[in-house]
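# Observations on chain architecture
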Amino acid sequence: MRKILDKFLNIRFRNKMVLSYLFMALIPFAVFSIVSGLVFVNQAQQTAMDHTAQTINQVCDSIDVYIGTIEKTANYISVELKNNDFWNLQSEEDPKWKTQTGQIRELLQNIASSHDEIAGILIATKNDLYVSTGMSRISRDSFHNESWYRQAEQSPEEIRLISDATGRNIVTNQDYSVDDVFSLTKAVSDPKTGEVLGVILFDIRHDIIKKSINSVTIGEKGFVFVTDADNSIVYAPVNDVVYRVSPLWLGGSGNAFVTANIRGGNYQIHSEKSEYTGWRTVGVFSNDEVMAGVNTIIYILFGCILFTVLFVLFSSFELAETITKPIFKLQTLMKQAEGGDLSVRFNSKYNDEIGELGLSFNHMIDQIGNLIRMVYVEQQNKRFAELKSLQEQIKPHFLYNTLDTISWMARDYGASDIVRLVDALTSMFRIGLSHGKDMITIREEITHVSNYLYIQKIRYKDKLNYQIEVDEKLAGCKVPKLILQPLVENAIYHGVKEKRGGGTIAVTAHRKGNLVVFRVHDDGAGIPADRLELLNHQLNNHTELDQKQSFGLFYIQERIQLCYGKEYGISIESQEGEETTVTVILPADDDS
């Protein structure tokens, strides 16, 4: 050992540096390779699991939303038919049968046509009569003996989902078969006695589940499918794996994943059960697919390590004597750049690797500066594009033309209230479109708000009163269109509506020097002090607002400041339980 050390100490200093560099490089490289390999494997698997869990949750939530929509539709039908004599009819010979069922069938047809996912609707009564949208009884056997009717009758307050619609005493003349749908049933009860008056049956297309599943991906071999409470498949994509997934693998809880070998492939299986429907959404992804990507990364990593070692060995011989000083200089400049000083530059007397590295450093600093400017411009353009896109998504020219037709027809029948209401709505649409213009006059903006308040007044009657006061000298002044209506809407829904008794909304506009000042005031419920402080802070600092309550404020603030600058925009004043005032400040143009 002593001889080896003496031999090492007697070699040239440059060779000592080369061997030292090589030895010091190999140790961290070896540790880095092992640790990185393990981290890559674990991270890839964890990422796949997280993605699968998120995907399953997304599909499960989508299905719950769809089923919830159908349940609300069933509740709507129940309410509409609550006091209808239809439930008490004893036979189809009853004189009321034709009239009652005609109205109900029209209601069901309208609901089915407005919901693409509903393939058919049937209502069966306690007296074994029924009305439907193209569905009829195969035989004279009573619906009361059908399992779908009995299950709904036993639990009248709950919906029932039936994944397999085969074997029923029902045939349909619509363009679907029982293999293409699952069913939902809901009993209709007498609100006074609690007696079950009948059962509503919906046939729902598998397309709603297929759409949710097709909107997500779990790699090339992964897939998602749905089972019912008995672990029978409700809907699954067509492949060789799904029907080989054992129900025993689907009982895990929490974030547990089950590893299984299917047809020679290694798969991870995870499922989530909906508390609402009782159905289970199952995600399957291929471990082999995940590992294939990890192995590629590991091969590249080892290739990079090998190349780096060779580079260290080669460059150390040539650069050991000259590398220290320029590296320290470059290190100092990089720290300054890291601290935010992008004016630093590396100047080298030589065109060697360090000189080239210095040039690359200079180029990088230039690129960072350019990228910062580009990002700023891009963000500005993106905001303009997003706002433009929101305005251009819907251009319903045909809608207000149709409303004009309805208005003329109402005039022919002398329905003056309907004429006024339709004219107000038509005017709102015309101003909203404005031939694609982003700027309209204050006169048009106030007309739009007046029409909106008139429509809301018709809806809320004595609950809502309003006043509008505008300086006539401002009528021709141009402003971004549709900036007041969202504020008035907030005043109605979060102010007047939340207040006991009636309320008043006041919209004013006046000129103050070179400014136009709009105010929307209501004497409604007001805003709590902490909520008010948060809203004003978010408006002034461009932070993300509550999407349910404050999107309109944020949208208007963005539009105003994009058009005129940060010194203009919205401010809010409020006293909880008494009043709220939203102030909008804009520059007045020279013509006003």
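Everything numeric in this text was worked out from a predicted model, so none of it was measured.

Parameters at a glance
- Residues numbered from 1 in each chain as written.
- Predicted model: local features only at pLDDT ≥ 70, side-chain atom pairs only at ≥ 80, totals over all residues.
- Heavy atoms only, no water.
- Helix = DSSP H or I, 4+ residues; strand = E, 2+ residues; numbered from the N terminus.
- Buried < 20%, exposed > 50% of the residue type's maximum accessible area, 1.4 Å probe, protein only.
- Contact = heavy atoms within 4.5 Å.
- Areas by Shrake-Rupley, 256 points an atom, 1.4 Å probe, with all protein chains shown as cover.
- Phe/Tyr/Trp six-rings, centres within 6.5 Å; stacked < 30°, edge-to-face > 60°.
- Lys NZ or Arg CZ within 6 Å of the ring centre and 35° of its normal.
- Pairing = 2+ DSSP bridges.
- Axes fitted to C-alpha atoms, helices over the stretch in contact; angles between N-to-C directions.
- Core = buried A, V, L, I, M, F, W, Y, C linked by side-chain atoms within 4.5 Å.
- Lys, Arg positive; Asp, Glu negative; His and termini not counted.
- Salt bridge = Lys/Arg side-chain N within 4 Å of Asp/Glu carboxyl O.
- Patch = residues over 30% accessible without salt bridge, like charges linked within 9 Å, V, L, I, M, F, W, Y side chains within 5 Å.
- Charge placed at Lys NZ, Arg CZ, Asp CG, Glu CD.
- Expected span 1.5 Å × (residues − 1).
- Arc of directions from axis to C-beta.
- Parallel < 35°, antiparallel > 145°, perpendicular 65-115°, else oblique.
- Left-handed = near helix turned anticlockwise from the far one by under 90°.
- Nonpolar A, V, L, I, M, F, W, Y, C, P; charged D, E, K, R; others polar.
- pLDDT = per-residue confidence, 0-100.

Of regular secondary structure, the chain possesses 14 helices and 19 strands. Evaluated residue by residue, the chain yields a buried proportion of 41% over its 592 residues. Sequence-distant contacts, at least 24 apart, represent 63% of the contacts inside the chain between residues at least 6 apart. Here the chain displays about 33,900 Å² of accessible surface, and carbon together with sulfur accounts for 54% of that area.

Scanning the model with the defined rule gives eight aromatic pairs in all. Residues Tyr130 and Phe143 carry aromatic rings whose centres are separated by 5.5 Å and whose planes lie at 75° to one another, so their mutual orientation is edge-to-face. Linking Tyr130 in strand E2 (residues 130-132) with Phe143 in the loop between strand E3 (135-137) and helix H4 (147-154), this pair joins segments that are 13 residues apart in sequence. Residue Tyr130 is classed as buried on the basis of its relative accessible area of 18%. Residue classification places Phe143 among the buried positions, given a relative accessible area of 1%. Here Trp148 and Tyr149 contribute two aromatic rings whose centre-to-centre distance is 5.9 Å and whose plane-to-plane angle is 70°, an arrangement assigned as edge-to-face. For the pair Trp148 and Tyr149, one class covers both residues: buried. Taken together, the ring pairs in this structure connect Tyr130, Phe143, Trp148 and Tyr149 into an aromatic cluster. Positioned over the ring face of Phe143 is Arg137, at 4.7 Å from the centre of the ring.

As for its position among the elements, Thr133 is in the loop between E2 and E3. The residues contacting Thr133, other than those within four sequence positions of it, are Leu108, Gln109, Gly120, Ile121 and Gln174.

Moving on, we come to the environment of Ile458. Mapped onto the elements, Ile458 comes out in helix H11 (residues 442-460). Once the C-alpha coordinates of Ile458 and Leu421 are considered, the two residues, 37 residues apart in sequence, prove to be 8.1 Å apart.

What follows concerns the pairing of strand E6 (residues 181-189). Within E6, eight of the nine residues are buried, leaving the element largely enclosed by the surrounding structure. When strand E4 (residues 159-162) meets E6, the two strands line up antiparallel, connected through four bridges. Its bridge partner being in E6, Arg160 is matched across the sheet by Thr185. Note: E6 against strand E7 (residues 196-205), nine bridges, orientation antiparallel. Paired with Ser189 across the strands is Val196, a residue of E7. Here E6 hands over to E7 after six residues, with Gly194 in that stretch at a positive phi of 80°.

We now examine the sheet that holds E4. Read from one edge of the open sheet, five strands run E2-E1-E7-E6-E4, paired in antiparallel fashion. Edge positions in the sheet fall to E2 and E4, since each of these pairs with one other strand and no more. Pairs of neighbouring strands in the sheet enclose a mean axial angle of 20°, with direction left out of account.

What follows deals with the nonpolar core. The biggest cluster of nonpolar side chains holds 44 residues, and the ones touching the most others in it are Ile123, Phe202 and Ile209. It is helix H2 (residues 13-80) that provides the largest number of residues to this core, a total of eight residues. Apart from residues lying up to four places away in sequence, Ile209 is in contact with Ile63, Phe182, Val226, Val234, Tyr235 and Trp279. Residues Val479, Val507, Leu539 and Leu586 belong to the second largest nonpolar core, which totals 37 residues.

Its location among the elements puts Glu445 in helix H11. Buried charge Glu445 goes without a salt bridge, the closest partner of opposite sign being Arg559 at 7.1 Å. Residues within four places of Glu445 in sequence aside, it is in contact with Ile440, Val479, Pro480, Lys481, Leu482, Ile483, Leu484 and Gln485.

What follows covers a negative patch on the surface. On the surface, Asp164, Asp179, Asp180 and Asp207 cluster together into a patch of negative charge. Its location among the elements puts Asp164 in the loop between E4 and strand E5 (170-172). The exposure class assigned to Asp164 is partly exposed, which follows from its relative accessible area of 47%.

Should their charged atoms come close, side chains of opposite charge can pair. Using the criterion set out here, one finds five salt bridges in the structure. Its salt-bridge partner being Lys126, residue Glu195 comes within 3.3 Å of it at the nearest N-O pair. Separated by 69 residues along the polypeptide, Glu195 in the loop between E6 and E7 and Lys126 in the loop between strand E1 (118-125) and E2 bring together distant segments of the chain. What makes Glu195 partly exposed here is its relative accessible area of 38%. For Lys126, a relative accessible area of 25% gives the class partly exposed.

A few words now on helix H3 (residues 96-114). Taking 1.5 Å as the rise per residue, H3 with 19 residues should run 27 Å; its terminal C-alpha atoms sit 28 Å apart, in good agreement. Considered for burial, the residues of H3 that qualify are Trp97, Gln100, Thr101, Ile104, Leu107, Leu108, Ile111 and Ala112. All buried residues of H3 fall inside an arc of 135° around its axis, so they share one side. Within H3, the exposed residues directed more than 90 degrees away from the buried face are Lys98, Glu106, Ser113 and Ser114.

It is worth spelling out the pairing of strand E10 (residues 258-262) at this point. The sheet contact formed by E10 and strand E11 (residues 265-273) spans five bridges and is antiparallel. Pairing of Ile262 across the sheet is with Gly265, part of E11. Two successive antiparallel strands, E10 and E11, enclose a turn made up of two residues, where Arg263 displays a positive phi of approximately 50°.

Below, the discussion takes up the packing of H11 against helix H12 (residues 485-496). Two numbers describe how H11 lies on H12: the axes approach to 10 Å, and their chain directions differ by 25°. When the axis of H11 is compared with that of H12, the two are roughly parallel. Our pair here, H11 against H12, has a crossing hand that is right-handed. For the pair H11 and H12, the contacting residues are Glu445, His448, Val449, Tyr452, Leu453, Gln456, Arg459 and Tyr460 in the first and Gln485, Val488, Glu489, Ile492 and Tyr493 in the second. Here the contact of H11 with H12 is built from residues that sort into seven nonpolar, three polar and three charged.

In this section: the confidence of the model for the chain. For the chain, the mean per-residue pLDDT works out to 79, and 82% of the residues sit at or above 70. By mean pLDDT, helix H1 (residues 2-9) is the weakest element of the chain at 60, and strand E17 (residues 515-522) is the strongest at 94.

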